[in-house]
Amino acid sequence: MSGSAACLCGRTYASYLFAIACVATGARSANAQGNNPAAPQDASAPIQLPAFEVVSIKPHEDEGMSHMNADIWMTPDGITVSGIPLSMLIREAFGVSEDGVLDEPAWAETRRYDIQAKVEPDDVAKLKTLGPQQRWRMLLPVFEDRFGLEFRRETVELRAYTLIVAKGGAKI
């Protein structure tokens with residue numbers, strides 16, 4: 001369960017991210033770079049993230065079960081990803097665990113991609129000041145545009161159980 005969940009009377013209330021594939025062909029989100037409402041907001045100092053100038057997304061060539069390579073590189077001018085499912089990239093971009101994304105398209109978990117994203121040369125210096133989480137968030141508008149996804153945060157009620165140690169302590 002997510003670290004931000006609170007247990008009340010056997011039910012857990014937690015904030016979850018919903019990933020929804022747009023039904024209409026070519027449908028795109030109107031969210032601007034850096035203004036994504038689903039992205040975690042830092043109230044102390046909102047940072048305008050640079051946009052990627054060039055993005056290449058290709059299906060990953062299957063090497064077979066014996067050679068399932070997956071690589072992620074934070075390059076000086078962007079991000080390079082090889083053989084990673086989109087679902088994992090979405091979780092990294094939002095900083096949530098696997099159970100924190102609901103209604104994700106099934107193909108997002110099974111199809112792997114090679115992504116190369118680069119910023120403009122003028123933004124390289126600003127990119128060097130960003131942390132990994134901020135670089136991941138820069139990919140969200142790319143996911144919305146290229147994959148036709150929409151993101152929103154919602155609070156949902158889920159059943160959860162709390163385990164406690166019985167009287168007399170643990171018997172391990």
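Each residue is numbered by its place in its chain's sequence as written, counting from 1. Local features in a predicted model are, by the rule used here, given only for residues with pLDDT of at least 70; side-chain atom pairs are given and counted only at 80 or more, and totals for whole chains, interfaces and linings are based on all residues. Only hydrogens and water are removed before side-chain values are computed, so all heavy atoms of the structure are retained for them.

## Some remarks on the overall build of the protein
Strands are runs of DSSP state E lasting at least 2 residues, helices are runs of H or I lasting at least 4, and numbering of each runs from the N terminus. Helix and strand counts for the protein come out as five helices and eight strands. Ordered by position from N to C terminus, the α and β elements of the protein give β-β-β-β-β-α-β-α-β-α-α-α-β. Relative accessibility decides the category of a residue: with a 1.4 Å probe and only protein chains considered, values under 20% of the type maximum give buried, values over 50% give exposed, and everything between is partly exposed. Buried positions account for 35% of the 172 residues belonging to the protein. Contact criterion: two residues are considered in contact whenever any of their non-hydrogen atoms come within 4.5 Å of each other. Pairs at least 24 apart in sequence give 78% of the contacts found in the protein among residues at least 6 apart.

## Some thoughts on the environment of F94
Tracing the backbone through its elements, the reader meets F94 in helix 1 (residues 86-94). As for F94 and W136, which are separated by 42 residues in sequence, their C-alpha atoms are 7.8 Å apart.

## Here's the deal with the packing of aromatic side chains
For any two aromatic rings, the description comes down to two numbers: the centre-to-centre distance and the angle of the planes. When two rings of Phe, Tyr or Trp (its six-membered ring) have centres within 6.5 Å they constitute a pair, described as stacked for plane angles under 30 degrees, edge-to-face for angles over 60, and tilted for the intermediate range. A full pass over the atoms with the stated rule returns four aromatic pairs. In textbook terms, an aromatic cluster arises when at least three aromatic residues are bridged by ring pairs, as seen for W107, Y113, F143 and F147.

## Brief notes about the confidence of the model for the protein
Here the protein shows a mean pLDDT of 74. Residues at 70 or above account for 70%. Looking at any residue, its pLDDT shows the predictor's confidence there, from 0 to 100. A low-confidence stretch, residues 1-16 stays under pLDDT 50, and its non-local contacts, those more than four residues away or across chains, total 41 contacts. Overall, residues 19-43 carries pLDDT values under 50, and its contacts beyond four positions in sequence, including any with other chains, amount to 51 contacts.

## A short note on the packing of helix 1 against helix 5 (residues 140-147)
Helix axes use the C-alpha atoms of the stretch in contact, all axes being lines fitted to C-alpha atoms, and the angles between their N-to-C directions lie in the range 0 to 180 degrees. Their axes nearest at 10 Å, the elements helix 1 and helix 5 cross at an angle of 145°. The residues of helix 5 that touch helix 1, namely those facing L86, L89, I90, A93 and F94, are L140, F143 and F147.

## Section: the nonpolar core
Residue types Ala, Val, Leu, Ile, Met, Phe, Trp, Tyr and Cys, when buried and joined through side-chain atoms within 4.5 Å, form a set referred to as a nonpolar core. Membership of the largest hydrophobic core comes to 29 residues, with the highest contact counts inside it found for F52, L86, I90, L139 and F143. Listing elements by their share of this core, those giving two or more residues are strand 3 (52-59), strand 5 (78-85), helix 1, strand 7 (112-119), helix 3 (124-129), helix 5 and strand 8 (149-159). Counting residues per element, this core draws most heavily on helix 1, which supplies five residues. Aside from chain neighbours lying at most four places away, what touches L139 is F52, I79 and A117.

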